[in-house]
Amino acid sequence: MNVVLGKFISTNVKDKKGSKAESIVWDAVKDAFYSRECIAYLNYPIFSPDFNSRKEPDIFILDKELGAIIIEVKGLKIDNIVAIQGHKWLYKDFYMEEGNPYQQAEQQMYSLVDQLKGQEGIDPDFTKRIVVALPYITRAEWEARGFHLLPSAPKVLLRDELTSKGVLDTIISTYLSKSSTLMSVKGWESMIGLISGGAEMEEDSDGFLVKYSYLYIASTKERLWDDIAYMKSLLEKGKKVIILAPFEKEITWFPVEFFSKYEKAYLFQYYLSKQGFKIDEPLVVVDGESVDGLFAEKWFKLFPSFNKGQYLIEHASVDTNLSITAGAGTGKTTVMIQRIMFLISMRPDLSLKDIVMITFTRDSAQEMKKRLKDELLSRYHVTNRPDYLEYAEELKEMNVSTIHSFAKSLIQELGFVLGFGRNVRLRSYTMKRREIVESVLNEYVGNIPMEDLGFDGFRHYELVKIIEGFWDEIERKGLNENQIQSLQWGDANSEQDQKFNELFKYVFPRAEDYFDRLKKEENSITIGDLVRKISQISIEKADALHELSSKMKYLFVDEFQDSDDVQIKLVAQIAHILNTRLFVVGDIKQSIYRFRGADYTAFEQLQKQVEDGFHEEPLQINYRTSKGILDTIDGMFKHWASADHLNYKEKDRLIGNEDPTFGSNEFKLYKYNKWADELNGKLMKEIHHAQELIKQQSPKPKKKRIALLVRTNNQAKKLHKWCEDHGIVTEMNLGGTFFNSRAVKDFYALLEALLYPGYSKSVLNALATPFFDADVLLDYLVPLEGDNKRILEYLRKEHGLKEEFEDYVNQLRIKPVFAVIRHFLSKDIQQRLYSSELSRFEEGPNETEKVKIKQDVKQYQKNLNHMMNLLHQQFDSTNATLYGMYSWLGLNIKTNRNEDEPRIDKVDSEEIIEIVTVHKSKGLEYHTVIIPFTDQIFDFERDEMLFDDERKEVGWFIKKNASSNQNHNKLDDMESTEIIKEETRLLYVAMTRCRERLLIFVPDKPLDQTWSMQLGKFY
């Protein structure tokens, strides 16, 4: 017989009256019934026998044990009900004046009986139940009005009962008519067939329902041959088939024309054991059930290529919280996507809108959505199952975003709890924060000279800079106003140091208070606020999370090792309050954002805060790096772990899946004399050698790009100059360069010209950008002797300044700023820039240089698009001012080193050498990785603020006069240890980016507090 478990079908029309109330009840019904033998519909159409009329119950459930159930949902609040007179309900301030919800459902049930009357196998005396659901009214409100005492009042399902138990208890306790016997098997199957239109359910040969996957461990060739036909039928229905066998795959048994498309879609996999084994009968695992005992068998180790970790994660129970340690190159994106495929297969009621996924960067979010869409469309193309197409369409509404975008969406729904309006906006407030610091400092100083206050030798602007920097650090640590107020500053080392202690105690709480009030007045928040404010709501106003439109049944968090304390608490609170199942994935060894407040103990902290606990699983099979390199660097990682510099255990070891190509030439440590300036020449020689090896490689490698990995932007600039001097084409991939990019500076020149159109220097700077087709030659300007008026007149006469520029300046008086700016951005910027770049080469660029120019042009356009997005976030479209934009952008160009340039797809070629910082290399891979600089000192003296683990004690140090408090003396030793660990993790990341070759340059003698110190034992 067919077993129908929790099949849910929605035909709901979005935005119809009452749709939100219906969705609330529908979600509760799905949770209550998903493990029962039933089928349920949201808005099920019931036609009269002649098809001339139709009725549509809000929710219809057919349950084998409970019978037919109709739930009539009303989005009423208690004040909307004036009175209940018999079956008639009188309303006010509602879209209708009166209604008969119970009779309405009753008539729908009788229409269903008419529809089924006379059908073969249907017993007309099946149990019938009717419930009226009021999701906005509580039991206390209902009883306070005395409605529960009315003899005519129907059984109601109130807000308090919208739990799995409450829904079932309410339904069980009421019925319109009750059958004296349970529905027969034949009657049940007939009714299911008529209600669902005869939808087929797939069972395996032993009668098990196959919802998602079929793992088959073969015994003999003969038995496998007998079972192939069944496996083909599963594949055609979109089920995943995995075969583990002790013999080679027979091509004639698995014809390419059928099986290849399923292999490409990741639905069919065949694994050969590395040596033979014997079992009497095939072993079968359906949907991962009871697989642990099977994986414990000794012979299972004969399948090293089968990724046990991925399978266990993908097939874990739908109610499980998962904590995944994903080493470098172990395919965590793949396993996240396959996990989602598993969930929507095992829970047909699950919508992609019920799944939220948080990624570390915008690029990662876009890539994840693309990969999900590709997976769904791939499955649709090989199976023609429309549900995959429907999921692909629904993907548009799935929330895949960065933590800040996710928090912003929550703030827009829940910000009212903290005093913000519904349309709260995101702003940077860079200038305002500085003004607040200046204002609070002025309050403190008054008219007293600095030296009398104990700040001898410090100018006002220097104190502002110090305070602003420390305030940024406080925000990075996620401290709210109350936590700032209660910070423990400890004792000072001197009388002057005590003056700084007193200053900081005064300034920071007041600055935070002024800033908070300003943001509420302007209904705006900063990026740093986003997660803090949502976390504050989740802790102080936890019930507000129930008001969210998204039910968030599953929350996936990528790169969880880079979460800070506030983010960890937010994830834990969501799990606790909304009963959300968690999937957190990352790698402690790749936690390299401590300077942003990331806590590399994030997994440990989360497990302490989530009551239900986690199933932990490592991913160890590496699909990136050569086995030979992995074996070599494993010894280094173990050595660092023994010194307590790296969290690295046996479960962290990366197991290679890629065979070596270059033998002893794949990993090299090259020594150089630091004081003899040998590095430049040796490095250039190895770059040329690496390029030649890739050109000669056969078969052609999967990746060709060569990367020079560096620690700092200054190192990158030095390498760029060295390569340029040797005729090597490079591109820079550095962090925080967006506001210094050419596109942003050109845009700033355009704004300046629009703001000061009568200033010829500003206009000439703008005309030199790709926004204009004006080639103004210096030779024609020299005779004008810098005369502003004559220059502008010349530009009008010879370069169409009036038509191309001044007419648009005049439009600024009547049109919004954004409308005028769009005119300049809609021109053929890319073609102009490309032509301009080509003209720089006297003899014309070679093919490699042309490729590089095309990439630069694409990056320029993408940066412009990102620039406009940031401006729209910062300024209202209708009220933005040119001066406001110009000032904001100018300040960011000077100070903002956090914003990254958006990523573009790059040409895979060994001819263009990528110079990339380790932080920017996260998630990337290269054919050859070269690490040129291992002599950079880890730490250097600077202004700094340090906190203890509880974020209660604070220490500070000011470089100019070596001032500090005693807390800093204590915390500084801990900080030094943590810096070594962070730098070791950075080196780990750098060394695990390569596919086929890893080259590291080291000074003749290892230097303390440098990467060479960590590598010293090995050369």
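Residues numbered from 1 in each chain as written. Predicted model: local features only at pLDDT ≥ 70, side-chain atom pairs only at ≥ 80, totals over all residues. Heavy atoms only, no water.

## Overview of the overall build of the protein
- Scanning the protein from terminus to terminus reveals 36 helices and 34 strands.
- Relative to the globule expectation of 31 Å for 1019 residues, the C-alpha radius of gyration of the protein, 34 Å, shows essentially globular dimensions.
- In terms of its C-alpha atoms, the protein occupies a principal-axis envelope of roughly 100 × 75 × 70 Å.
- For the protein, buried positions account for 53% of its 1019 residues.
- Contacts in the protein between residues far apart in sequence, at least 24 positions, make up 77% of those at least 6 positions apart.
- Split by element, the accessible area of the protein, about 46600 Å² in all, is 47% carbon and sulfur.
- Side-chain charges of the protein comprise 138 positive and 159 negative groups, with the mean position of each set lying 1 Å from the other. (Helix = DSSP H or I, 4+ residues; strand = E, 2+ residues; numbered from the N terminus. Rg over C-alpha atoms; globule rule 2.2 N^0.38 Å. Buried < 20%, exposed > 50% of the residue type's maximum accessible area, 1.4 Å probe, protein only. Contact = heavy atoms within 4.5 Å. Areas by Shrake-Rupley, 256 points an atom, 1.4 Å probe, with all protein chains shown as cover. Lys, Arg positive; Asp, Glu negative; His and termini not counted. Charge placed at Lys NZ, Arg CZ, Asp CG, Glu CD.)

## Some details on the sheet that holds strand 32 (residues 954-958)
- Reading across the sheet, the 3 strands line up as 31-32-33 and stay open at both edges, with antiparallel pairing between neighbours. With one partner strand each, in any of the chains shown, strand 31 (944-947) and strand 33 (963-964) form the two edges of the open sheet.
- Across 2 bridges, the pairing between strand 32 and strand 33 is antiparallel. In the strand pairing of strand 33, Ile958 is matched with Ser963.
- Contacting strand 31 and strand 32, helix 16 (residues 460-476) crosses the sheet at an angle of about 30° to strand 31.
- Where helix 18 (residues 495-522) meets the sheet, it contacts strand 31, strand 32 and strand 33, and its direction lies at approximately 120° from that of strand 32. (Pairing = 2+ DSSP bridges. Axes fitted to C-alpha atoms, helices over the stretch in contact; angles between N-to-C directions.)

## Here we look at helix 23 (residues 679-696)
- Helix length check: helix 23 (18 residues) gives 26 Å between terminal C-alpha atoms against 26 Å at 1.5 Å per residue, within 8%.
- Taken residue by residue, helix 23 has Leu679, Asn680, Leu683, Met684, Glu686, Ile687, Ala690, Gln691, Leu693 and Ile694 as its buried positions.
- Elements in contact with the buried residues of helix 23: strand 26 (667-672), strand 27 (706-710), helix 24 (713-725), strand 29 (913-917), strand 30 (926-931) and strand 34 (994-1003). (Expected span 1.5 Å × (residues − 1).)

## Details of the environment of Ile629
- Summarising the element assignment, Ile629 is placed in helix 22 (residues 627-642).
- When its relative accessible area of 0% is taken as the criterion, Ile629 is described as buried.
- Residues Ile629 and Ala153, spaced 476 residues apart in sequence, show a C-alpha to C-alpha distance of 75 Å.
- Sequence-distant contacts of Ile629, defined by excluding residues within four places in its chain, comprise Glu666, Cys994, Glu996, Arg997 and Leu998.

## Observations regarding the side chain of Asn523
- Of note, Asn523 is situated in the loop between helix 18 and strand 20 (524-525).
- Since its relative accessible area comes to 18%, Asn523 is described here as buried.
- The contact partners of Asn523, leaving out residues within four places of it in the chain, are Phe420, Gly421, Asn423, Val424 and Arg425.

## Looking at the sheet that holds strand 23 (residues 615-619)
- Strand order in the open sheet formed by 6 strands is 18-17-21-22-16-23, and the pairing between neighbours is parallel. Both outer strands of the open sheet, strand 18 (399-402) and strand 23, are each paired with one neighbouring strand and no more. Ignoring strand direction, the axes of neighbouring strands in this sheet form an average angle of 15°.
- Packing of helix 11 (residues 362-383) onto the sheet brings it into contact with strand 17 (355-359) and strand 18, and relative to strand 18 it is tilted by some 160°.

## Details of helix 24
- Taking 1.5 Å as the rise per residue, helix 24 with 13 residues should run 18 Å; its terminal C-alpha atoms sit 19 Å apart, in good agreement.
- Looking at helix 24, one finds that the buried residues are Gln715, Ala716, Leu719, Trp722 and Cys723. In a view along the axis of helix 24, the buried residues occupy a sector of 125°, so they form one face of it. Residues Asn714, Lys717, Glu724 and Asp725 are exposed on helix 24 and point more than 90 degrees away from its buried face.
- The inward-facing, buried residues of helix 24 contact helix 23, strand 27, strand 28 (730-733) and strand 29. (Arc of directions from axis to C-beta.)

## Topic: the UniProt feature "domain: UvrD-like helicase C-terminal" (unreviewed entry) in the protein
- The feature "domain: UvrD-like helicase C-terminal" (unreviewed entry), as annotated in UniProt, sits at residues 627-923 in this numbering.
- Taken end to end, residues 627-923 comprises 54% helix and 8% strand; its first and last C-alpha atoms sit 19 Å apart. (UniProt positions renumbered as here; feature names shortened; annotations may be inferred.)

## Some points on the environment of Phe60
- Along the chain, Phe60 turns up in strand 5 (residues 59-63).
- With 393 residues separating them in the primary sequence, Phe60 and Leu453 have C-alpha atoms 76 Å apart.

## Looking at the nonpolar core
- Ranked by size, the top nonpolar core spans 51 residues in total, and within it Phe747, Phe771 and Met867 carry the most contacts.
- Of all the secondary-structure elements, those providing two or more residues to this core are helix 25 (742-755), helix 26 (760-767), helix 28 (788-799), helix 29 (801-811), helix 30 (817-825), helix 31 (829-838), helix 32 (847-874) and helix 33 (882-895).
- Broken down by element, this core gets its largest block of residues, 8 residues, from helix 32.
- Beyond its immediate sequence surroundings of up to four residues, Met867 is in contact with Phe738, Phe739, Val744, Phe747, Trp888 and Leu889.
- Residues Ile525, Leu530, Leu545 and Val610 belong to the second largest nonpolar core, which totals 40 residues. (Core = buried A, V, L, I, M, F, W, Y, C linked by side-chain atoms within 4.5 Å.)

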